[in-house]
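Chains, contacts and geometry: an overview
One letter stands for each residue in the lines below.
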Amino acid sequence: MSMVLLDVRNVKLYYTTTKGIVKAVDNISFELDEGETLAIVGESGSGKSTLAKLLVRVWERNVSLVDGEIYLEGKEILHMPEEEFRREIRWKRIAMVPQASMNALNPVIKIGDQMTEPLLLQGTGKDEALKMAMDALESVGLPRDLVNRYPHQLSGGMKQRVIIAMSIMAHPKVVILDEPTSALDVITQANIMNLLKKLKWEYKLSYIFITHDLSLASELADSVAIMYAGKLVEIGGAEDIYTNPSHPYTQGLISSVPTLRTDKTLSFIPGEVPSLINPPSGCRFHPRCPFYKDRDYLKGLCDEKEPPMVELEGKASRKHLVACWLYK
Amino acid sequence: MPGVFEDTPWVRKDSLVIAHRLRTYYTIKPGLFAKPRYVKAVDDISLSIDRGITLAIVGESGSGKTTLGRTLIRLLEPISGEVYFDGNDITHMKEEELKKIGFRRRVSMVFQDPYSSLNPFHSIHFILEEPLMVQGISMKEREERIYRALEEVKLTPPEDFVNKYPHMLSGGQRQRVAIARAIITDPDYIVADEPVSMLDASIRVEILTILKDIQQRHKMAFMYITHDISTAKYFSDYILIMYAGQFAEYGPFRDVVKNPLHPYAQSLIEAIPDPDPSNRLRERKVAPGEPPNLANPPTGCRFHPRCPYAMDICKKQEPPVVEARPGVFVKCWLYVKR
């Protein structure tokens, strides 16, 4: 049995907006083992990026509530002083590849200076920081002298490699990848996924891989968590989720994914993702759920009471959990 | 036996839409007195699309697929080659002449981004009515057609939608309005440029199903431009794979996808994951590097710097297009009998 590296318990993050409170992440718990990759899959507005921001404690100013606990190797990190988190945890223990960050590279600062900045702020010496940056560039398949170049001299795929190099530079345990290949072409995407696999094996990294794409998730995921409207609806080993999806939303999502090599009839989930300001009562998926429509005994249950997390029998070593009244 | 072009035997002369050795370049002027340079966005592309047939144009960003689509509906004018529509040579026709042959009515387009392709100040009713007003169709018929189009894209009941504005609709609903607008003039030919790439997975399939239904019911010639072969699979009959502005491979969709011949096509197809948990245990064998800058493309075959099979000749000479398998055409030296 491998060790639990990250233990996330009942975390919540709400935003205040002019229209009301947005419950972007609402009571989510999961564990991440050492060396494990957990893919968090959800559509836009499911709260998956907010969850990523919660884990590295970078969030927007309009946050009205942050609650719950996150333990990294047994130590609570969500409520520790920001100064301590910045010095000891961010970059060093938990690093992040934020969404579309390759476009956030500063165009007038050399790659090397941008890469070493967080290390210098943490008190690493200048020469050592530069060496760490060059080592990191090398391990993502880029030349060491790239530190002297500017972002506009690089292609999209190279910029994304620089961002990945930055994330692993300080040898973190956990790397959070938020849509690391969005806006890249398919072949470049495949090259980046190959790189992420290689880094994972080489450095025994744990990834939290945030994506909307179930096919892409299977490129890295040992385990998969499915989010819907701010809630975790299903989590389990990749084999269980892909071959035995149990939550009606997961089932709908999987049958809507086009496949190239196999023939299957595609279907779709009618309706739209609900607003997180005023989400449906009970199970947030019930207005779109085909089972709720068909089965009378679910009336008064799914639409009123929040579903419990039920453990299903699974093949993988990770527990297969589903938040659905069908299995109670 | 209907004729084909001799130099491009995959192009049939009796098709509704024909492009023959098409080249569309953009000009860039580096300085006031400097010699202009060209970005060869579409460089020698030939194809034909029959009524009732969908051709998928697949390529990465910068491969020229959007430029090709826009040239084929004459939003752009090519610098050489010919474009034919229903027997008319429309390559260099002026806008008035295009209107005279009914080209603008018989052709329409669905764009990628439903957030920017609909005017936010216009109601759905007006967005759909405008193309009909231009054609001088009576008010009674306009109303009928608007309701019918909304029903076809499954925005029902239509009276709930006609008075809304784009911002009141979700992304999927907006894209359906864009499709309704494209079909309202009852066109013979539709170009859809990445119509589902901005939408979430669960909505994507719904839009694809609607497009497929419409295409089959109206027997239109359909051009589906995309970077995503797996969505194209659901309603494409033929596929043309482009690389760096040029032809790479053409043939029946399933045949090409199952057994691609061009090294670029092989890489492109290998790069696409299907949802399968065993993917995480293997590395994908794809070409390294990224597509070239089209202002200064590589000599010879444009794919040679990334190609695992590159030979000497690939660096020096542009490959010809050959029929490597019955019906499958490839622009690659590997398949040239020498």
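Our structure's up above, just so we're on the same page.
The rules behind the values
- Residues numbered from 1 in each chain as written.
- Chains lettered and ligands numbered in written order.
- Predicted model: local features only at pLDDT ≥ 70, side-chain atom pairs only at ≥ 80, totals over all residues.
- Heavy atoms only, no water.
- Helix = DSSP H or I, 4+ residues; strand = E, 2+ residues; numbered from the N terminus.
- Rg over C-alpha atoms; globule rule 2.2 N^0.38 Å.
- Buried < 20%, exposed > 50% of the residue type's maximum accessible area, 1.4 Å probe, protein only.
- Areas by Shrake-Rupley, 256 points an atom, 1.4 Å probe, with all protein chains shown as cover.
- Contact = heavy atoms within 4.5 Å.
- Pairing = 2+ DSSP bridges.
- Axes fitted to C-alpha atoms, helices over the stretch in contact; angles between N-to-C directions.
- Buried area = accessible area lost by both parts, 1.4 Å probe.
- Salt bridge = Lys/Arg side-chain N within 4 Å of Asp/Glu carboxyl O.
- Parallel < 35°, antiparallel > 145°, perpendicular 65-115°, else oblique.
- Left-handed = near helix turned anticlockwise from the far one by under 90°.
- Nonpolar A, V, L, I, M, F, W, Y, C, P; charged D, E, K, R; others polar.
- Polar contact = N/O pair within 3.5 Å; in protein donor to acceptor, adjacent residues only side chain to side chain.
- Phe/Tyr/Trp six-rings, centres within 6.5 Å; stacked < 30°, edge-to-face > 60°.

So, on to the overall build of chain B. Of the regular secondary structure elements, chain B holds eleven helices and twelve strands. For 338 residues, the compact-globule estimate of 2.2 N^0.38 gives 20 Å, and the C-alpha radius of gyration of chain B, at 21 Å, lies within 12% of that figure. By its C-alpha atoms, chain B is 65 × 55 × 55 Å across when sized along the principal axes. Across the 338 residues in chain B, those meeting the buried criterion constitute 57%. Accessible surface computed for chain B: about 14800 Å², of which carbon and sulfur atoms make up 51%.

Time to look at the overall build of chain A. Of the regular secondary structure elements, chain A holds ten helices and twelve strands. Its C-alpha radius of gyration of 21 Å places chain A within 12% of the 20 Å reference for a compact globule of 328 residues. Projected onto its principal axes, the C-alpha positions of chain A cover 70 × 50 × 45 Å. Burial analysis of chain A (328 residues in total) assigns 58% to the buried set. Within chain A, contacts between residues separated by at least 24 positions form 63% of all contacts whose residues are at least 6 apart in sequence.

So, about the sheet that holds strand E5 (residues 88-89) of chain B. All names here are of chain B. What the four strands build is an open sheet, ordered E2-E1-E4-E5; its pairing is antiparallel. Two strands bound the open sheet, and with one partner strand each, they are strand E2 (37-49) and E5. Summarising the sheet, strand E4 (residues 80-85) and E5 pair through two bridges and their orientation is antiparallel. Its bridge partner lying in E5, Tyr84 is registered against Asp89. Here helix H1 (residues 65-72) sits on the sheet and contacts strand E1 (17-28), E2 and E4; the angle it forms with E1, its principal contact strand, is near 115°.

Further remarks concern the interface of chain B and chain A. Taken together, the contacts link 43 residues of chain B with 43 residues of chain A. A combined buried area of about 3900 Å² lies between chain B and chain A, and 53% of that area is made up of carbon and sulfur atoms. Per-residue buried area on chain B facing chain A is highest for B:Ser202, B:Pro275 and B:Arg280; these three make up 18% of the total on that side. Taken together, the links from chain B to chain A amount to six salt bridges.

With that out of the way, let us pick up the packing of helix H6 (residues 171-183) of chain B against helix H7 (residues 201-218) of chain B. The axes of two packed helices give the description: the angle between them and the distance between them. Residue and element names in this part refer to chain B. Viewed as axis vectors pointing N to C, H6 and H7 meet at an angle of 15°, and their least axial separation amounts to 10 Å. With respect to H7, the element H6 is oriented roughly parallel. For H6 against H7, the interelement crossing comes out right-handed. Residue-level contacts link Gly172, Gln175, Arg176, Ile179 and Ile183 of H6 to Ile203, Glu206, Ile207, Ile210, Leu211 and Ile214 of H7. Tallied by class, the residues present in the contact of H6 with H7 amount to seven nonpolar, two polar and two charged.

All names here are of chain B. By the element assignment, Ser63 lies in the loop between strand E3 (54-58) and H1. For Ser63, a relative accessible area of 3% gives the class buried. Residues Ser63 and Val330 lie 267 residues apart in sequence; the distance between their C-alpha atoms is 16 Å. Excluding residues that lie within four positions of it along the chain, Ser63 makes contacts with Ala41, Met242, Ala244 and Gly245. Of the polar contacts made by the side chain of Ser63, one reaches the backbone oxygen of Glu60; its length is 2.8 Å.

With an omega dihedral of -10°, the bond running from B:Thr156 to B:Pro157 counts as a cis peptide bond. Relative to the elements of secondary structure, B:Pro157 occurs in the loop between helix H5 (139-152) and H6. Even without being a glycine, A:Asn10 presents a positive backbone phi close to 50°. We classify A:Asn10 as partly exposed; its relative accessible area is 43%. Here B:Glu194, not a glycine, exhibits a phi torsion of approximately 50°, which is positive. Along the chain, B:Glu194 falls in the loop between strand E7 (189-193) and H7. Classification of B:Glu194 by relative accessible area gives buried; the value is 8%.

This structure, assessed with the given rule, holds 46 salt bridges over all chains. One salt bridge in this structure joins A:Lys197 and A:Glu219, with 3.4 Å as the shortest N-O distance. Here A:Lys197 is found in helix H6 (residues 186-203), whereas its partner A:Glu219 is found in the loop between helix H7 (214-217) and strand E9 (223-228), with 22 residues between them in sequence. For the pair A:Lys197 and A:Glu219, a shared accessibility class is recorded, and that class is buried. Between B:Arg142 and B:Glu129 there is a salt bridge, with the nearest N and O atoms lying 2.8 Å from each other. Pair noted here: B:Arg142 is in helix H5 and B:Glu129 is in helix H4 (residues 124-134), with a separation of 13 residues, a long-range link. Take B:Arg142: its relative accessible area is 12%, and that puts it in the buried class.

Residue and element names in this part refer to chain B. All chains considered together, the criterion is met by 15 aromatic pairs over all chains. Seen from their ring centres, Tyr243 and Tyr264 are 4.5 Å apart, and the 50° between their planes marks the pair as tilted. Residue Tyr243 is located in strand E9 (residues 238-243), and its partner Tyr264 is located in helix H10 (residues 263-270); the two are separated by 21 residues in the primary sequence. When its relative accessible area of 5% is taken as the criterion, Tyr243 is described as buried. Taking the relative accessible area as the measure of exposure, Tyr264 reaches 0% and is therefore buried.

To continue, consider the packing of helix H5 (residues 156-168) of chain A against H6(A). Residue and element names in this part refer to chain A. As a packed pair, H5 and H6 sit with axes 10 Å apart at the nearest point and diverge in direction by 20°. The pairing of H5 with H6 is recorded here as roughly parallel in orientation. Seen along the crossing, H5 lies across H6 with a hand that is right-handed. Counted together, Gly157, Gln160, Arg161, Ile164 and Ile168 of H5 and Thr188, Asn191, Ile192, Leu195, Leu196 and Leu199 of H6 form the full contact between these two elements. Here the residues of the contact of H5 with H6 sort into six nonpolar, four polar and one charged.

Read these as geometric descriptors, not functional statements.
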